[in-house]
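Structure assessment
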Amino acid sequence: MTTEPPSDPRPSLAALSAPLVERLVADAPMLRLGVERVGGACVVDAGIGHPGGLEAGRRIAELCMGGLGRVAFGPVPWGTVPGPPSWPFGVTVHSAQPVLACLGSQYAGWSLSHGSGKGAFFALGSGPGRALARQEALFDELDYSDTADAAAFVMEATALPPAELVAHIAATCGIAADRLTLVLTPTQSLAGTTQVVARVLEVALHKLHALGFPLDRVVDGIGMAPLPPPGGGFLTAMGRTNDAILYGGTVHLHVTGPDDAAEDLAQRLPSSASRDHGRPFAEVFAAAKGDFYAIDSMLFSPARVTVTALDSGRSFHGGALAPDLVERSFRDVR
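Residues numbered from 1 in each chain as written. Predicted model: local features only at pLDDT ≥ 70, side-chain atom pairs only at ≥ 80, totals over all residues. Heavy atoms only, no water.

1. Notes on the pairing of strand E1 (residues 34-38)
Pairing analysis gives five bridges linking E1 to strand E2 (residues 41-45), with the strands arranged antiparallel. When the bridges of E2 are listed, Glu-36 appears paired with Val-43. Count of turn residues in the E1/E2 antiparallel hairpin: two residues, of which Gly-39 carries a positive phi of about 60°. (Pairing = 2+ DSSP bridges. Helix = DSSP H or I, 4+ residues; strand = E, 2+ residues; numbered from the N terminus.)

If you want it as structure tokens, here you go:
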């Protein structure tokens, strides 16, 4: 007697996110989004020629997590900050499967480009379609692949992608171009600001992975970060959205394994463990002469972290909020 090998119990990101894509497109007029076809693909404009909004950004963030995450607006508890906070609202992000939702879908890991010079297009692809394309070694580590006849990606872009790139994305995913959806969210737009800050949990998972903590020990996770004022130029928006997480973000992870590993993670995970911590991100970026690779990669993490060791029930804390730096960043215009 033979038995079939057990199937992967993890859900299909494409299947879970498909209804979110359909509703986003159907509600485009209400959400102030543009929808058009480029090279056969459905392209959703969430801030280039159409204004979009906070609700659009919230929905796009949930789509970007492959349907495995929930994003909500709410008050941000600033703790001991004297007086009423200048930035009282933010986003809370939760996933019951944070590794798959954040690293398998939300992480902007696929580099996409076409052309050269002034007419070149470049963006990092995130979203559930990455698990169909599997262009990153990360998917071998996750031991995850997906199958579907449709794919969706989210890109921080300020222009429509060329038809040639659309064809490349569809072919790599193994789908027809008319089954591809690309959601474009400029960082300085309302939707773009929201969906970037909603990556507070993903940023923690990415650094956890970089620190070598076993991904299979991560059981659950929740994060929160303040919502910056959008608008201005790209550098202003990039600085504010990064600082919202680096100096205003809080993440609580639930893990299995020994207490000493959970305690070590709580100390090493916060942004304060980086040599570049202590200045608004726009200043760090300028000091690095615009070279991301010259910035300490350990900076990209939440300000404050709690790690609960489920086996013992003990919790460990690391890092601290820096409301003064958040205030400085959110008021600075570059």
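2. Remarks on the sheet that holds E2
Taking strand neighbours across the sheet as the criterion, the six strands line up as E1-E2-E8-E7-E6-E5 in an open arrangement whose pairing is mixed. Looking along the sheet, the strands with just one partner apiece sit at the ends: E1 and strand E5 (110-114). Across the sheet, the axes of successive neighbouring strands diverge by a mean angle of 30°, strand direction being ignored. Against the sheet, helix H1 (residues 13-26) contacts E1, E2, strand E7 (151-155) and strand E8 (180-184), and its axis sits at roughly 60° relative to E2. Across the face of the sheet, helix H3 (residues 54-64) comes into contact with strand E6 (121-126), E7 and E8 while running at roughly 125° to E7. (Axes fitted to C-alpha atoms, helices over the stretch in contact; angles between N-to-C directions. Contact = heavy atoms within 4.5 Å.)

3. Quick look at the pattern of salt bridges
Under the defined criterion, the tally for this structure stands at 13 salt bridges. Arg-58 is the partner of Glu-55 in a salt bridge, and the nearest nitrogen-oxygen pair spans 2.8 Å. Taken as a pair, Glu-55 and Arg-58 lie in helix H3 at a separation of three residues, close to a single helical turn. Here Glu-55 falls in the partly exposed class, since its relative accessible area comes to 31%. Where Arg-328 meets Glu-283, a salt bridge forms, and the shortest distance between an N and an O atom there is 2.5 Å. Placement of Arg-328 in helix H13 (residues 323-331) and of Glu-283 in helix H12 (residues 281-287) is noted, with a sequence separation of 45 residues between them. Of the residues examined, Arg-328 reaches a relative accessible area of 41% and is grouped as partly exposed. (Salt bridge = Lys/Arg side-chain N within 4 Å of Asp/Glu carboxyl O. Buried < 20%, exposed > 50% of the residue type's maximum accessible area, 1.4 Å probe, protein only.)

Read these as geometric descriptors, not functional statements.
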